[in-house]
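# Results of the structural survey
Single-letter residue listing:
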Amino acid sequence: MAFEQIQVPKVGEPIRVNPDNSLVVPDQPIIPFIEGDGIGVDITPVMQKVLDAAVAKAYDGRRQIAWMEIYAGEKATNVYGADVWLPDETLSAVRDYLVSIKGPLTTPVSGGIRSLNVALRQRLDLYVCLRPVRYFSGTPSPLKKPEDTDMVIFRENSEDIYAGIEWPAGSDEAERLVSFLQDQLGVTKIRFPKTSGVGIKPVSSEGTKRLVRKAIQYAIDNERDSVTLVHKGNIMKFTEGAFKDWGYELAREEFGAEPLDGGPWCSFKNPKTGNEIIVKDVIADAFLQQILLRPKDYDVIATLNLNGDYISDALAAQVGGIGMAPGANISDSVAMFEATHGTAPKYAGKDQVNPSSLLLSGEMLLRHLGWTEAADLVIKGIEGAIAAKTVTYDLERLLEGATKLSCSAFGDAVIGRMG
Ligand SMILES: NC(=O)C1=CN([C@@H]2O[C@H](COP(=O)(O)OP(=O)(O)OC[C@H]3O[C@@H](n4cnc5c(N)ncnc54)[C@H](OP(=O)(O)O)[C@@H]3O)[C@@H](O)[C@H]2O)C=CC1
Ligand SMILES: O=C(O)CCC(=O)C(=O)O
Ligand SMILES: [Mg+2]
């Protein structure tokens, strides 16, 4: 593969994919990475160092990641020229090398460029945003029993109001759309038609079903008890309500789920274990209070794009904050791992923030490669560093008797605790 700016490592081979989407992982896989804006410069090198140490230790040097830097965000404008925020060859590299990891990318509020994070997900059709939320013993939390929060969020990643189909108030497009809605569709409910910005919320049966299918399959493969469809379908009936209906339909038609007490909740037996898996739904606002009061009621979560964004940060707060929240954007064959948090600009370049979100995203990457021994070492290292109360500022400020470490020193502490 010939690139303009991307340097392909001399050692290392691309990962390949079989027709059934399983991966063929060489001992030195080439893994593209985007450093990221803001705190990307702090957390990305720490993530690489920790993953390299885990892999070296787990496999006695027989395996090694061949890192390949690719560019997006501000760094891309330095490398490729002004206004090149997301080069085509970055998209090609993420697609062709199959497994990658990225730091956060800045999106200005109101005007300016649209989200590069969303663009990456949309252009590569990475339709699942997978965000596991689990508690590490000793992490400070506002909950009395934070260990009860153990959920895996499947957030639809390609549709919804989050797709960014919208026009500003006063624009020709907004005026034409409002006129069309009023004149052709008889809409009378736009309260201030002349001064409204307008956005569109597409939610499809295909988009919903492919997401819910992945969530249910995950519950089967990982022996989880339930899948909950989180929606605001009482108000947005044909988008969020349809998400719920299509989710149940899929559970019945593809997994043989049968109604419980007349429905709509339903259940089926896990074909691998024979245990029951319940498919249920809850309205989003009620869900947000119940995750604080009764987190044990929830396990795998399937939800729409915007709900999933809010729910991710809310659940992260229950187990220590977004410094501890990993994630991945996944299609059937491509996986791009990234932290749940953003660029935290006030900390950029200060070597202060918690790298755990990206470390745990890296841990997910290793597991995705089938390198479970190395992934386990990352977990062991993080558990050990937190248990020793050697943590970054975000945890230290809430943890009595803790020692505050810099971002890079925390990375070293994690490596030191791998055993
Ligand atoms: N996927 C992505 O790339 C994402 C990008 N973004 C973008 O990031 C930019 C900034 O967004 P913003 O709303 O400030 O949200 P951020 O997630 O960047 O930061 C909000 C706050 O969360 C805490 N925080 C974030 N990361 C860490 C960390 N690693 N360790 C410890 N604490 C952390 C900090 O809290 P405190 O101040 O209390 O210490 C920080 O001020 C925006 O442009 C946004 O669009 C946002 C989310 C995801
Ligand atoms: O793209 C962005 O700037 C924000 C994205 C975000 O908050 C998320 O995906 O969780
Ligand atoms: Mg978010």
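Residues numbered from 1 in each chain as written. Chains lettered and ligands numbered in written order. Predicted model: local features only at pLDDT ≥ 70, side-chain atom pairs only at ≥ 80, totals over all residues. Heavy atoms only, no water.

### Here we look at the site of ligand 1
Taken together, 24 residues form the shell around ligand 1, and within it Thr107, Gly342, Ala344, Tyr347 and Tyr393 come nearest. Within the side chain of Lys346, a nitrogen or oxygen atom sits 2.9 Å from an oxygen atom of ligand 1. One of the side-chain nitrogen or oxygen atoms of Tyr393 is found 2.5 Å away from an oxygen atom of ligand 1. Computed on the free molecule, ligand 1 has an accessible area of 880 Å², of which 72% lies beneath the protein chains in the complex. Among the secondary structure elements, those contributing two or more residues to the shell around ligand 1 are helix H4 (116-123) and helix H12 (393-396). Taken together, the residues of the shell around ligand 1 break down into nine nonpolar, nine polar and six charged. (Near = heavy atom within 4 Å. Polar contact = N/O pair within 3.5 Å; in protein donor to acceptor, adjacent residues only side chain to side chain. Areas by Shrake-Rupley, 256 points an atom, 1.4 Å probe, with all protein chains shown as cover. Helix = DSSP H or I, 4+ residues; strand = E, 2+ residues; numbered from the N terminus. Nonpolar A, V, L, I, M, F, W, Y, C, P; charged D, E, K, R; others polar.)

### Brief notes about the site of ligand 2
In the vicinity of ligand 2, the residues found are Thr107, Ser115, Asn117, Arg121, Arg131, Arg155, Tyr162, Asp309 and Thr340. Within the contact set of ligand 2, an oxygen atom lies 3.1 Å away from a side-chain nitrogen or oxygen of Arg131. Separating an oxygen atom of ligand 2 from a side-chain N or O atom of Arg155 is a distance of 3.0 Å. Protein chains shield 76% of the accessible area of ligand 2, which is 290 Å² for the free molecule. Tallied by class, the residues present in the shell around ligand 2 amount to one nonpolar, four polar and four charged.

### Structural notes on the UniProt feature "binding site: Mg(2+)" (unreviewed entry) in the protein chain
Look at the UniProt record and you will see "binding site: Mg(2+)" (unreviewed entry) annotated at Asp309. When you line up the elements, Asp309 lands in helix H9 (residues 305-318). Apart from the residues within four sequence positions on either side, Asp309 is in contact with Arg131, Arg155 and Tyr162. (UniProt positions renumbered as here; feature names shortened; annotations may be inferred. Contact = heavy atoms within 4.5 Å.)

### A few points about the UniProt feature "binding site: D-threo-isocitrate" (unreviewed entry) in the protein chain
The feature "binding site: D-threo-isocitrate" (unreviewed entry), as given by UniProt, occupies Ser115, Asn117, Arg121, Arg131 and Arg155 in the numbering adopted here. As for its position among the elements, Asn117 is in helix H4. By relative accessible area, which is 12% here, Asn117 ends up buried. A polar contact of 2.7 Å, which involves the side chain of Asn117, links it to the side chain of Lys102. (Buried < 20%, exposed > 50% of the residue type's maximum accessible area, 1.4 Å probe, protein only.)

### With respect to the nonpolar core
By size, the foremost hydrophobic cluster in this structure holds 103 residues, and its most contacted members are Ile216 and Leu366. With near-sequence residues (within four places) excluded, Leu366 lies in contact with Leu51, Val55, Ile65, Trp371, Ala374, Ala375 and Val378. The next biggest cluster of nonpolar side chains, apart from the first, holds 14 residues, and it includes Tyr135, Ala284, Ile301 and Leu315. (Core = buried A, V, L, I, M, F, W, Y, C linked by side-chain atoms within 4.5 Å.)

### Re the side chain of Ser331
With respect to the helices and strands, the residue Ser331 is situated in the loop between strand S15 (328-330) and strand S16 (335-338). By relative accessible area, Ser331 is classed as buried at 11%. The residues contacting Ser331, other than those within four sequence positions of it, are Leu124, Asp125, Leu126 and Tyr127.

### Quick notes on the environment of Ile386
On the secondary structure map, Ile386 appears in helix H11 (residues 372-387). You can call Ile386 buried: its relative accessible area is 2%. Residues Ile386 and Trp67, spaced 319 residues apart in sequence, show a C-alpha to C-alpha distance of 28 Å. Sequence-distant contacts of Ile386, that is, excluding residues within four places in its chain, are made with Phe136, Ser137, Gly138, Thr139, Met324, Val391 and Leu395.

### Let's talk about the packing of aromatic side chains
Scanning the entire structure with this criterion turns up seven aromatic pairs. For the pair Tyr59 and Trp371, a centre-to-centre distance of 5.7 Å together with 65° between the ring planes defines the contact as edge-to-face. On the criterion of sequence distance, the pair formed by Tyr59 in helix H1 (residues 40-59) and Trp371 in the loop between helix H10 (356-369) and H11 is long-range, its members being 312 residues apart. Using a relative accessible area of 4% as the deciding quantity, one classes Tyr59 as buried. The class for Trp371 is buried, based on a relative accessible area of 2%. Over the aromatic face of Phe136 sits the side chain of Arg134, whose NZ or CZ is 4.0 Å from the ring centroid. Stacked on the ring of Tyr298, the Lys or Arg Lys280 has its end atom at 4.9 Å from the ring centre. (Phe/Tyr/Trp six-rings, centres within 6.5 Å; stacked < 30°, edge-to-face > 60°. Lys NZ or Arg CZ within 6 Å of the ring centre and 35° of its normal.)

### Re the sheet that holds strand S12 (residues 266-269)
If you trace the twelve strands from one edge of the open sheet to the other, you get S4-S3-S5-S16-S15-S6-S7-S14-S10-S13-S12-S11, paired in mixed fashion. Two strands close off the open sheet at either side, each with one partner strand: strand S4 (66-70) and strand S11 (258-259). Here three bridges tie S15 to S16, and the two strands are oriented antiparallel to one another. Directly across from Ala328, in S16, lies its bridge partner Phe337. Lying over the sheet, H4 contacts strand S3 (30-34), strand S5 (99-102), strand S6 (128-133), strand S7 (151-156), S15 and S16, oriented at roughly 160° with respect to S16. Across the sheet, helix H6 (residues 205-221) touches S6, S7, strand S10 (226-231), S12, strand S13 (276-283) and strand S14 (300-303), and the angle it forms with S7 is around 160°. (Pairing = 2+ DSSP bridges. Axes fitted to C-alpha atoms, helices over the stretch in contact; angles between N-to-C directions.)

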